[in-house]
Structure formats: structure tokens, C-alpha cells
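The lines below spell out each chain.
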Amino acid sequence: MLTDMANNNSLVDSEFLRRKINYQVILVQIFVSLFLCINFLLITTFFMKDFFYTTMRYILFANTLLSDCLILIITNLMLILSYFRVTIQMQLCLILFTVSSLCNFVTPVTLTAMTLERYVAVCMPLRHGELCSTRRTVHCILIIYGLSSVPVTVTLSVLFASITLSFYKQYMVCTVEAFLLYTWHKHLRSGISQFYFLIMFITIVSSYIKIMKVAKAASGEDKKSTKKGLRTVVLHSFQLLLCLIQLWCPFIESAVFQINVVLFINIRYFNYITFYLAPRCLSPLIYGLRDEKFFLALRHFALSGFISIYLYQKKERKKY
């Protein structure tokens, strides 16, 4: 009888765990859908005025939005496939892994570039127009994608040297761990991530210190503008920190998986919400709401949309 009770308790616990995970997946879908809608609205607003796509900080902002949309779609797809244990051919999984790995670095590197743009605007205002022109912005974006592609290129080069052609034809659950075949692969990926973290951290801190010095020396309107730039750098720093911590998540999860599967599931869910979704909702806050020009354009676009829907519905009602 005790055995039966234990089995019943085990079944109840299993059912509870499955229901809990199911609720978690539904919650993630709500968050992802919400963020994608907001990002789509912001991207549409970006293309409304010439001023936005001829100004460096807004172009870089749009770049982060596109990168965020891609990584949200791909990581959410991989999450769903993994949750339902759906196997796909490794060729397709390799494409998903490559794009998601690239976007993992595009967002933090772009945030670092946006911090440097704020540094130039505050500390070198006379040279801002020259250093942050539209032409230089294009070069900056090419550099961003070049730097972001280095880690994934190294990872794929090591992978290609370690596998045979039969690997691409296999059907497996698509996860990052599927491409880290050996322990030293993980160490190499971790080393590259930490190197990028160090460089970007030093850049952010240096910019913050220099802007803070200018803020103390400034007065009147200059002081107000400088403080605003300082707050923007602080928000970028927090967003960047969350983005960089996500680079360590796979290694933490891998260690926890060896200890307890239930704890592993909960930690992976927490990491995805905190270090993948949360940084993506800070971009709309920093430029979508705090930036006066962008906020006015966003409000105008949203109101125009609501008015158009209202007039259309009114017209349809009159038909009947």
C-alpha cells in the first residue's frame, strides 16, 4: 500500500510538473508576442520620418530592434521544439544556431556603439556631426556585424573540423549543446564570450566616467542635456549587462542539469525570461518612450492608427 501511495504521489508530482511547464511555455508565448508587436510598432515608426533613418543613434536603435526580433523568433522556436521534443535535421538546426548566435552578439555590440555615440555627443559635440554621419553609421553597422560574427565563425570552424558529413543528416532536438561536442568547445566559447564582455564592460565604464566628468563641469541647458546622456548610458549599461550574462547561461544550465532535472528546467525558464526577454523590453523604454522626438512620432502613428480603425468600423456599421 505504501508503494501504491508513493507511485500515486509520483504521478501527481509528474502531472503538476508537466502542467507547470505548460503554463510557463504559454507565459513565454505571451511575452514574445507582446515584445514582437511593440518592436514592429517601433520599427514602423522609425521609417516614418527622414530624420530617424539619417541619424546614427536611431539607425543603431533600429538595428537592435531587428536583431531582437530575430533572436526572439528563433529562440522561441527552439524552445517550443525542445519542449515538445521535436527532432529536426541538423542542417536546419545549424542555420537556427548560426543566426541566434550572431544576434546574441549583435545586440550587446550595438549597445556599446550607441554608448560611444552618446559619449561623442556629450564630450565631443563639435565633432558629433562629422563622426556620427550617415555614411559613418553604415561603416559602423558593418563593423558591428563583423565583430559579432567572429565568435560564431570560430565555433563553427571548430565544429566543422570535429564532425563528419553524416552529422548533418541526423535528426536531433535542436539545442545549443548539440554543437558543443567536447568540453574544450564549451571552454573556447566561454573564453570568447568573456573576452567580449571585458572589452564592452571597459568601454561602457570609461564612457560613463568621462560623461560624468562633463556633467559636473556643465551648466544650464548643457548640464540638463549631459545628465540625460548619462542616464541613457546607465540604461545601456544595465541592458548590456543582462545581454552579456545570457552568454554564460548555457554553462550554468549544463552544470545544473547534472544535479537536478527539475531545477534545470526552472533555471532555464528563469534565464530565458530574465536574460533574453527582459533586455529586449528595455530598448523600447530607452528610445521608444524616453526620447522625445521618437515618442511624439510613435504617439502620432498610434493615434492615426486608432482613428483609422474607428472610422473604418463606423463606415462598416452604416452599411448595415
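Criteria and thresholds
Residues numbered from 1 in each chain as written. Predicted model: local features only at pLDDT ≥ 70, side-chain atom pairs only at ≥ 80, totals over all residues. Heavy atoms only, no water. Salt bridge = Lys/Arg side-chain N within 4 Å of Asp/Glu carboxyl O. Buried < 20%, exposed > 50% of the residue type's maximum accessible area, 1.4 Å probe, protein only. Helix = DSSP H or I, 4+ residues; strand = E, 2+ residues; numbered from the N terminus. Polar contact = N/O pair within 3.5 Å; in protein donor to acceptor, adjacent residues only side chain to side chain. UniProt positions renumbered as here; feature names shortened; annotations may be inferred. Patch = residues over 30% accessible without salt bridge, like charges linked within 9 Å, V, L, I, M, F, W, Y side chains within 5 Å. Areas by Shrake-Rupley, 256 points an atom, 1.4 Å probe, with all protein chains shown as cover. Core = buried A, V, L, I, M, F, W, Y, C linked by side-chain atoms within 4.5 Å. Disulfide = S-S within 2.5 Å. Expected span 1.5 Å × (residues − 1). Phe/Tyr/Trp six-rings, centres within 6.5 Å; stacked < 30°, edge-to-face > 60°.

J.: I keep staring at the pattern of salt bridges and nothing clicks. Help me out?
T.: Working definition: two side chains of opposite charge can pair if their charged atoms are close together. Enumeration over the complete set of coordinates arrives at two salt bridges. Note that E117 and R118 form a salt bridge whose closest N and O atoms lie 2.9 Å from each other. Accessibility assignment for this pair places E117 and R118 in one class, buried. Salt-bridge contacts for R127 lead to E130; the nearest nitrogen and oxygen are separated by 3.6 Å.

J.: Could you clarify how one ought to interpret the side chain of N63 in this entry?
T.: Within the secondary structure, N63 is located in helix 2 (residues 56-83). A relative accessible area of 6% places N63 in the buried class. Separated by 2.9 Å, the side chains of N63 and Y145 make a polar contact.

J.: Got a minute to help me understand the UniProt feature "transmembrane region" (unreviewed entry) in the protein chain in this structure?
T.: Per the UniProt entry, the sites bearing "transmembrane region" (unreviewed entry) are residues 21-47, 59-81, 136-160, 191-209, 230-248 and 294-312 in this numbering. Taken end to end, residues 59-81 is 100% helix and 0% strand, and its two terminal C-alpha atoms sit 33 Å from one another. Measuring from the first to the last C-alpha atom of residues 136-160 gives 35 Å, for a span that is 100% helix and 0% strand.

J.: It is not clear to me how unusual backbone geometry should be interpreted in this structure. Could you clarify?
T.: Even without being a glycine, R85 presents a positive backbone phi close to 55 degrees. By the element assignment, R85 lies in the loop between helix 2 and strand 1 (87-89).

J.: Any chance you could explain a nonpolar patch on the surface here in plain terms?
T.: The grouping of L198, F201, I202, V205 and I209 at the surface amounts to a nonpolar patch, some 410 Å² of accessible area in total. Relative to the elements of secondary structure, L198 occurs in helix 7 (residues 183-217).

J.: Can you walk me through the nonpolar core in this structure?
T.: Soluble globular proteins tend to bury their nonpolar side chains together. F46, L60, I144 and F294 are the most contacted members of the largest nonpolar core, which totals 36 residues. The set of elements that each furnish at least two residues to this core consists of helix 1 (2-46), helix 2, helix 3 (90-123), helix 5 (134-162), helix 7, helix 8 (220-245) and helix 11 (292-319). The dominant element in this core, judged by the number of residues it contributes, is helix 3, at nine residues. M78, L159, I163 and F167 belong to the second-largest nonpolar core, a separate cluster that totals 18 residues.

J.: Help me out: how do you make sense of the state of the cysteines in this one?
T.: What we call a disulfide is simply a covalent bond connecting the sulfur atoms of a pair of cysteines. For the structure shown, the criterion picks out one disulfide. One disulfide bridge connects C93 with C174, the sulfur atoms lying 2.0 Å from each other. Since a negative S-S torsion denotes a left-handed disulfide, the C93-C174 link at about 90 degrees is right-handed. Of the two residues, C93 is situated in helix 3 and C174 in the loop between strand 2 (171-173) and helix 7; the sequence distance between them amounts to 81 residues. Comparing C93 with C174, the two get one shared label, buried. Note on C140: no disulfide assigned, nearest cysteine sulfur contributed by C132 at a separation of 8.4 Å. Look at C140 and you get buried, because its relative accessible area is 19%.

J.: Could you clarify how one ought to interpret helix 3 in this entry?
T.: An α-helical turn contains 3.6 residues, so a residue and the one three or four places further along point in the same direction. For helix 3, with 34 residues, the first-to-last C-alpha span of 49 Å sits near the 50 Å given by 1.5 Å per residue. Of all 34 residues that make up helix 3, 25 are buried, and the element is covered over most of its length.

J.: Explain the packing of aromatic side chains here, please?
T.: Think of a pair of aromatic rings as described by two things: how far the centres are apart, and how the planes are tilted against each other in angle. If you walk through the whole model with that rule in mind, you get 14 aromatic pairs. Measuring from centroid to centroid gives 4.6 Å for F97 and F179, while their planes differ by 25 degrees, and the two rings are stacked. Taken together, the residues span a long stretch of sequence, with F97 in helix 3 and F179 in the loop between strand 2 and helix 7 at a distance of 82 residues. The buried category is assigned to F179, whose relative accessible area is 1%. With a centroid separation of 6.4 Å and 50 degrees between ring planes, the pair formed by F160 and Y168 is classed as tilted. Given a relative accessible area of 40%, F160 falls into the partly exposed group. What links up through ring pairs into an aromatic cluster is the set F97, F160, F167, Y168 and F179.

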